[in-house]
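Working through the structure, step by step
What follows is the residue order along each chain.
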Amino acid sequence: MEGVSSLDEPLKKLLGGATAKVMAEHLDLHTVGDLLHHYPRRYEERGKLTALTDLPLDEHVTVVAQVADARILTFNNGRGKRLEVTLTDGSGRLQLVFFGHGVHKPHKELLPGRQAMFAGKVSVFNRKMQLAHPTYQLLDASDADEASEAVDAFAGRLLPIYPACKQLDSWRIAKAVDAVLPSARDAVDPLPASLREGRGFTPLPEALLKVHRPQTRADIEDAKARLKWDEAFVLQVALARRRYADTQLPAAARRRVADGLLDAFDAKLPFTLTEGQEKVSKEIFDDLATEHPMHRLLQGEVGSGKTMVALRAMLAVVDAGGQAAMLAPTEVLAQQHHRSITEMMGELAEGGMLGGSDRGTKVVLLTGSMGAAARRQALLDLVTGEAGIVIGTHALIEDKVRFHDLGLVVVDEQHRFGVEQRDALRSKGKQPPHLLVMTATPIPRTVAMTVFGDLETSVLDQLPAGRSPIASHVVPAKDKPHFLARAWERVAEEVENGHQAYVVCPRIGDDAEEAEGQGGKKAKAKKAAPEEDGEKRPPLAVLEIADQLRGGALSGLSVEVLHGRMHPDEKDDVMRRFAAGDVDVLVATTVIEVGVNVPNATAMVIMDADRFGVSQLHQLRGRVGRGSAPGLCLLVSEAHEASPARARLSAVAATLDGFELSRIDLEQRREGDVLGQAQSGVRSSLRMLTVIDDEEVIAAAREEAVAIVAADPELERLPGLRTVLAALLDKEREEYLDKG
């Protein structure tokens, strides 16, 4: 049994309670090991100034710069004082501002010509970039004590800049790292010796030393190469073990039967399947015919016909005597799938009913808000096997739900489901059912290998014939208000031409002031500091915008709202009337993001578009242009023209290629958030690896991991790797329980 390593020591012991508390609460660092893996974001060279021209707005930054000038200004008839300091890097300028009693110390210390590190949040005031009340550390202190302290903390030429927070700046983190660095020699090395030597990697303790206190740029590269490999490799071993365990499970093979439901369905299709659909269907049918469970991820652009492929797989399973369940993330979506699948199947979905086909089966819907009688009947149809296909929400996972013989589970929009929920549904079969996961969020290959590494992947990349192109434009509402007026005119024109439109807002806007979906965070109104108008207003809300449009730009049109807190019957009613063409404009939250299919809707206006992620905007946009008329998507934003938010919107407007956008999305996110709402703790442990740049590392690590797990599934010969893996999976389990 291995003893407790010094890396498991709580930070409290070494750093004192106050610092440890801030680290735990704001940076999620709890042990010595956590802090050793909190790597610098970048390195500044002593004497070399940070480029001030391209600092990101609204982010916490650390810069090395020189004071150009400093002056005290008074306001409120001399009662208020403000110190303004201008920093320069030779190319750009940055304003610092200190208020009230906080002006005296910096006024004495920040003299023209002095160099220092400054940390704070970047905002814009009077069209100038500024840091309000930054913390700072002088780098060329004149006072001897201070100078020696500054030199001790940054003895090297390279100053590490750590991911920091308002409560703890980069140089304080650097000091804390100095205190724990000696423990690096106890780090357990996860890489098998043969692999480490074969690839010429630096030993782990040395890599940790070099990443925190590099003497040269080469040290940094050395350390990064090693630490990236650790992350990629440990993660790929965890995934390879999960895949290996899955291949050991038994499953009932569901072989394709001739002259069954599937053939009858194919015979009445009014169009031919695309080549891509045929190819992916074959991969799925081959998997279904094997004696261990299929685990396949089906990714395809919005509208590439994934539902059709999934339905054919479900029919094949019903033909082979099993049942198929389709899991959707929301009730609206479950109802929509149920409607479209029963329409596609026609009389084949009316098994056992008058006028139904004798080869047919029952297709039932199961959601949390169904009436008791309908629910009882649905549960009965599942248990007797009367219903071959069930479509539902999480309600399907509940204990009460029993199947006659569950053969296939189809999960729509996997990023909303955890691995654990898949397992809960899996336990409903006599043997583990086959699993098909669908997503319309295009995922670059490396992310698929990381986030969905326990699944085989199929991609549908052709759009069915007859889909129309979508034109997208950014509408800068703040700089050019007349553009917004024109946007509403365009919506009215679309309606005049017999079409319909969506307007999407990040927030609902009623008493329970909570943003819905992933679109926005809870909006807190707070008092702005004197002269500080950088405070963002709350995101625009569905109920307010709908009222404004009814009373103004779109008066005379029928404008309805749709959001997640409406009663399910109300939601269904609004969607049905919109689908029937009785509603001209639907003002909604992101509940319409996935699966809503109204071919006559041609225009979409997304308000506060900068509050949504790239892939979410792409998903939303996929709701228009689903018929033969061309689609129009207008991205309305008040974001500053030079801001990263605007760059993101321009990227979305410039391309309809989801895979290209998902690359851009990854490049623009900060490290650590690269996998978005990925479903487990393992993924959040990526600190050094950037999934977008390290494709070769991930692919190579996957190969090594597969070979190692095949030779030694229990890792008996690799205790070091087993220890690191156990720690990682403990964290994963813990996070799952927290989420629970």
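Heads up: the structure comes first, above all this text.
Residues numbered from 1 in each chain as written. Predicted model: local features only at pLDDT ≥ 70, side-chain atom pairs only at ≥ 80, totals over all residues. Heavy atoms only, no water.

With that out of the way, let us pick up the overall build of the chain. Of regular secondary structure, the chain possesses 25 helices and 21 strands. Contacts in the chain between residues at least 24 apart in sequence constitute 74% of all its contacts with a sequence separation of at least 6. Put simply, the chain shows about 32,600 Å² of open surface, and 51% of that area lies on carbon and sulfur atoms. (Helix = DSSP H or I, 4+ residues; strand = E, 2+ residues; numbered from the N terminus. Contact = heavy atoms within 4.5 Å. Areas by Shrake-Rupley, 256 points an atom, 1.4 Å probe, with all protein chains shown as cover.)

Now for the side chain of Thr 367. Tracing the backbone shows Thr 367 in the loop between β11 (362-366) and α14 (372-384). Once residues within four sequence positions are removed from consideration, Thr 367 is found in contact with Glu 331, Ala 334, Arg 375, Thr 393 and Ala 395.

A negative phi angle is the norm for most residues apart from glycine, just as the trans form is the norm for most peptide bonds. For Asp 28, which is not glycine, the phi torsion reads 60 degrees and is therefore positive. Note on placement: Asp 28 falls in the loop between α2 (17-27) and α3 (32-36). Not every positive phi belongs to a glycine, and Leu 715 is a case in point at roughly 55 degrees. In this fold, Leu 715 is placed in the loop between α24 (695-711) and α25 (719-739).

This part takes up the pattern of salt bridges. For the structure on display, the rule yields 38 salt bridges. For Asp 263, the salt bridge is made with Arg 256, and the minimal N-O distance between the two is 3.3 Å. By relative accessible area, Asp 263 is classed as partly exposed at 26%. The residue Asp 266 makes a salt bridge to Arg 256 at a minimum N-O spacing of 3.8 Å. Taken together, the positions of Asp 266 in helix α10 (residues 261-267) and Arg 256 in the loop between α9 (217-247) and α10 put the pair 10 residues apart, joining distant regions of the chain. (Salt bridge = Lys/Arg side-chain N within 4 Å of Asp/Glu carboxyl O. Buried < 20%, exposed > 50% of the residue type's maximum accessible area, 1.4 Å probe, protein only.)

A few words on the packing of aromatic side chains. Evaluation of the coordinates by the stated rule reveals five aromatic pairs. Look at Trp 229 and Phe 233: their rings are 6.3 Å apart centre to centre, the planes differ by 35 degrees, and that puts the pair in the tilted class. With a gap of four residues between them, Trp 229 and Phe 233 both fall in helix α9, about one helical turn apart. Relative accessible area serves as the criterion here: at 5%, Trp 229 is assigned to the buried category. Judged by its relative accessible area of 0%, Phe 233 is buried. (Phe/Tyr/Trp six-rings, centres within 6.5 Å; stacked < 30°, edge-to-face > 60°.)

Counting residues in hydrophobic clusters, the biggest one holds 55 residues, and the most contacted among them are Tyr 502, Val 503, Leu 562, Val 585, Val 587, Ile 592 and Ile 606. In this structure, Ile 592 is in contact with Tyr 502, Val 504, Leu 562, Leu 586, Met 604, Leu 620 and Arg 623, ignoring residues within four places of it in sequence. In this structure, Val 280, Met 326, Leu 365 and Ile 391 belong to the second largest nonpolar core, which totals 40 residues. (Core = buried A, V, L, I, M, F, W, Y, C linked by side-chain atoms within 4.5 Å.)

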